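# A closer look at the structure
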Amino acid sequence: MAGRASIPARNSALIAMIADEDTVVGFLMAGVGNVDIRRKTNYLIVDSKTTVRQIEDAFKEFSSRDDIAIILISQYVANMIRFLVDSYNKPVPAILEIPSKDHPYDPAHDSVLSRVKYLFSAESVSQR
């Protein structure tokens, strides 16, 4: 395709998941799952026994890995570690909050959406 700039890409990039069992299993069935040589996975299943510390550790690990491009996190789980999600400011891996079966999506709590709204409101003010 002439005239198109090529986008540099890595050999592979993973999607990480932090969510309830049904959500993670659905994505695993779609082929998102990965286990590396050290038996580290790219997902964390959150249930009633999962501590906030485990969620924080998984988020920090996934957000620092070079092979992960996107972190999908259930919004109700993101609310448990909201201070970490809101303070994260790197473009890669991108953090996307998703709904789960038992917890509907609430746009008022989505940090990415609030940043986008802020940028567009600041941009519209600067253009006037």
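Residues numbered from 1 in each chain as written. Predicted model: local features only at pLDDT ≥ 70, side-chain atom pairs only at ≥ 80, totals over all residues. Heavy atoms only, no water.

### Points about the nonpolar core
Among the nonpolar cores identified, the biggest contains 20 residues, and Ile18 and Phe59 are the most heavily contacted of them. Sorting the residues of this core by element identifies strand E1 (14-19), helix H2 (52-64), strand E3 (68-74), helix H3 (75-80) and helix H4 (82-87) as the ones contributing at least two each. When residues in this core are grouped by element, the largest group, four residues, is from H2. For Ile18, the contacting residues outside a window of four places in its chain are Leu44, Val46, Ile55, Ala58, Phe59, Phe62, Ile71, Leu72, Ile73, Ser74 and Val77. Within the second largest apolar cluster, six residues are counted, among which are Met17, Ala19, Val24 and Ile98. (Core = buried A, V, L, I, M, F, W, Y, C linked by side-chain atoms within 4.5 Å. Buried < 20%, exposed > 50% of the residue type's maximum accessible area, 1.4 Å probe, protein only. Helix = DSSP H or I, 4+ residues; strand = E, 2+ residues; numbered from the N terminus. Contact = heavy atoms within 4.5 Å.)

### Comments concerning the pattern of salt bridges
Summed over the entire model, instances satisfying the criterion amount to nine salt bridges. Put simply, Asp67 and Arg65 hold a salt bridge, and the shortest N to O gap is 3.0 Å. For Asp67, a relative accessible area of 28% translates into the label partly exposed. A relative accessible area of 13% means that Arg65 is categorised as buried. Among the ionic pairs, Asp86 bridges to Arg82, the shortest N-O distance being 3.5 Å. Of this pair, Asp86 and Arg82 are both found in helix H4, four residues apart, which corresponds to roughly one turn of the helix. In this structure Asp86 comes out as partly exposed when scored by relative accessible area, which is 39%. (Salt bridge = Lys/Arg side-chain N within 4 Å of Asp/Glu carboxyl O.)

### A word on helix H1 (residues 21-29)
Put simply, Asp20 is the residue that caps the front of H1, since its side-chain oxygen is 3.3 Å from the backbone nitrogen of Asp22. At the exit of H1 stands Gly31, carrying a positive phi of roughly 100°. (Polar contact = N/O pair within 3.5 Å; in protein donor to acceptor, adjacent residues only side chain to side chain.)

### Description of the sheet that holds strand E2 (residues 43-45)
Neighbouring strands of a sheet are bound in pairs by backbone hydrogen bonds; such pairs are parallel or else antiparallel. Strand order across the open sheet formed by four strands is E2-E1-E3-E4, with parallel pairing between neighbours. The outermost strands of the open sheet, each flanked by one partner alone, are E2 and strand E4 (94-98). For this sheet, the mean inter-axis angle between neighbouring strands, taken without regard to orientation, is 20°. Strand direction decides the pairing type here: E3 and E4, joined by five bridges, are parallel. (Pairing = 2+ DSSP bridges. Axes fitted to C-alpha atoms, helices over the stretch in contact; angles between N-to-C directions.)

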